[in-house]
Amino acid sequence: MATSLGIIIILGLLANAVFTRIKLPGLLGMIIAGVIIGPYGLNWLSEDIIKVSADFRKLALIIILLRAGFGISKEDLKKVGASAIRLSCIPGLFEGLAIAYAAMKIFQFNFVQGGMLGFIIAAVSPAVIVPAMLNFMERGLGGEKGIPTLILAGASIDDVFAITIFSTFLGIYSGSKINIGMRILSIPISIILGILAGVVIGIFLVKIFKRYSIRDTKKVLYIIGAGILLTAFEDLVKSKIEIAGLLGVMTIGFIIFESMPHIGKRIAVKLNKIWVFAEILLFVLVGAQVNIWLALDTGFKGMLLIVIGLFARSIGVVLSLLKTNLNMKEKIFCIIAYIPKATVQAAIGAIPLSLGVESGDLILSIAVLAIVLTAPLGAIGVSLSGEKLLS
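So, here's what we can say about the structure. (Residues numbered from 1 in each chain as written. Predicted model: local features only at pLDDT ≥ 70, side-chain atom pairs only at ≥ 80, totals over all residues. Heavy atoms only, no water.)

## Observations concerning the overall build of the protein
Scanning the protein from terminus to terminus reveals 18 helices and 0 strands. Here the protein has a C-alpha radius of gyration of 20 Å; the compact-globule value for 391 residues is 21 Å, and the two agree. With respect to the principal axes defined by its C-alpha atoms, the protein has extents near 60 × 50 × 45 Å. For the protein, buried positions account for 54% of its 391 residues. In the protein, 81% of the contacts between residues at least 6 apart in sequence involve partners at least 24 apart. Put simply, the protein shows about 17200 Å² of open surface, and 68% of that area lies on carbon and sulfur atoms. (Helix = DSSP H or I, 4+ residues; strand = E, 2+ residues; numbered from the N terminus. Rg over C-alpha atoms; globule rule 2.2 N^0.38 Å. Buried < 20%, exposed > 50% of the residue type's maximum accessible area, 1.4 Å probe, protein only. Contact = heavy atoms within 4.5 Å. Areas by Shrake-Rupley, 256 points an atom, 1.4 Å probe, with all protein chains shown as cover.)

Spelled out as structure tokens, the structure:
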């Protein structure tokens, strides 16, 4: 496992450097490096590191979401509040239902199978989007209208929405008695509970930091530990009540930064340094999960299905932004920023197959294909369009 970590670090850094040098996003190079050295490529990584890959990826995601929380201001949130809520559900709903319907025509799925596939694919990837938005925030791109904050907030809630509806379709397929109304109601409840949990933890940490003299490095470790425990608590109570744990993690950073801005800036700098390592783990291990041969099996039909979904998502993004002051260039940027898929698809794409869902292997193949197509396309698109479309 230690040897595998060494390989991941060295090749991840090299891939990042090469792709940055040729003016492409470094994360794209790291994902490709992961595909090459993963179990479906050269198979250089140990089984042990593949088994704990999900935990490493979650840890990296916690770090970048904490950093995002330290970069969001109250003023920006006020600007984008209603728009972020619309962006968090309308595009995903359009994409999920469009894929569900198209899968019935293209692959002869029933609506429940199509719904499972649709809302696996519909989840946008915070792993790809959050680092890019933080980079834009630091450089001031789109800052006047709070566009990076808008995308950050919308993408974080978008995942909660997609995973909840996917779980609903999965329950219907397995014959569980599911109250659809209660399921829909659970979405805002899980978001509110996640934010409340983040607020409580954030306030508690602020009181500790103000009362005791603690080095900034140790403050960072306390914050990361709290974020990990929050997501662990989410998993623990998942069968009884849904909590948007990752949204809560971002809220912890926001509360600490608002309460202690000077210390918050120093902590943000330290989180940036930790992210250098966490980023390599996240994107190389996401790439290692990608079975490129499985993705190719779906062929043209799978690509067509994903394109239909992205087209429907784009319509949803435009509708979500109708009442905003964004111009056409900025709206196009938001459409592009909502393209990438990666973390959620890698995490839940195999669940239908593992539970014996008919055509579960095909669902997994299309989920993998979505990562292969949209993660590079979205990463490159966001990087290039941000420079040209945001002021």
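## Concerning the nonpolar core
Counting 126 residues, the largest nonpolar core has Ile8, Leu117, Met133, Ile223, Phe283, Leu305 and Phe333 as its most contacted members. Leucine 305 has contacts with Ile99, Ala102, Ala103, Ile106, Phe107, Leu117 and Ile366, leaving out every residue within four places of it along the chain. (Core = buried A, V, L, I, M, F, W, Y, C linked by side-chain atoms within 4.5 Å.)

## Quick word on the pattern of salt bridges
In total, this model carries 10 salt bridges according to the counting rule given. Across the pair lysine 145 and glutamate 330 runs a salt bridge whose closest N-O atoms are separated by 2.9 Å. Remark: glutamate 330 occurs in helix α15 (residues 328-337) and lysine 145 occurs in the loop between α7 (126-139) and α8 (147-173); sequence separation between them is 185 residues. The class of lysine 145 is partly exposed, set by a relative accessible area of 24%. It is possible to trace a salt-bridge network through shared partners that takes in Glu95, Asp158, Arg313 and Lys341. (Salt bridge = Lys/Arg side-chain N within 4 Å of Asp/Glu carboxyl O.)

## Observations regarding the packing of helix α10 (residues 216-236) against helix α12 (residues 261-288)
In a packed pair of helices, the relevant descriptors are the angle between the two axes and the axis-to-axis distance. One way to put it is that α10 packs onto α12 with a least axis distance of 10 Å and a crossing angle of 75°. Our classification of the angle between α10 and α12 gives roughly perpendicular. Taken together, the residues of α12 that come into contact with α10 (itself represented by Asp216, Thr217, Lys219, Val220, Ile223 and Ile224) are Ile263, Arg266, Ile267, Lys270, Leu271 and Ile274. Taken together, the residues that form the contact of α10 with α12 break down as 7 nonpolar, 1 polar and 4 charged. (Axes fitted to C-alpha atoms, helices over the stretch in contact; angles between N-to-C directions. Parallel < 35°, antiparallel > 145°, perpendicular 65-115°, else oblique. Nonpolar A, V, L, I, M, F, W, Y, C, P; charged D, E, K, R; others polar.)

## Quick notes on helix α2 (residues 26-37)
The first and last C-alpha atoms of α2 sit 17 Å apart over 12 residues, in line with the 16 Å expected at 1.5 Å per residue. A large share of α2 lies buried, amounting to 9 of its 12 residues. The complete set of buried residues in α2 reads Gly26, Leu27, Leu28, Gly29, Met30, Ile31, Ala33, Gly34 and Ile37. Looking at the buried positions of α2, the neighbouring elements they touch are α1 (2-21), α7, α12 and α18 (360-389). (Expected span 1.5 Å × (residues − 1).)

## Focus: the packing of aromatic side chains
Evaluation of the coordinates by the stated rule reveals 5 aromatic pairs. Ring centres 6.1 Å apart and planes at 15° place the aromatic pair phenylalanine 119 and phenylalanine 169 in the stacked group. One end of the pair, phenylalanine 119, is in helix α6 (residues 111-121); the other, phenylalanine 169, is in helix α8, with 50 residues separating them in the sequence. On the accessibility criterion, phenylalanine 119 (1% relative accessible area) is buried. Relative to phenylalanine 283, the ring of tryptophan 275 lies with its centre 6.4 Å away and its plane at 80°, an arrangement referred to as edge-to-face. The structure contains a cluster of three or more aromatic residues connected by ring pairs, namely Phe111, Phe119 and Phe169. Lying over the aromatic face of phenylalanine 209, lysine 219 brings its terminal NZ or CZ to 5.8 Å of the ring centre. (Phe/Tyr/Trp six-rings, centres within 6.5 Å; stacked < 30°, edge-to-face > 60°. Lys NZ or Arg CZ within 6 Å of the ring centre and 35° of its normal.)

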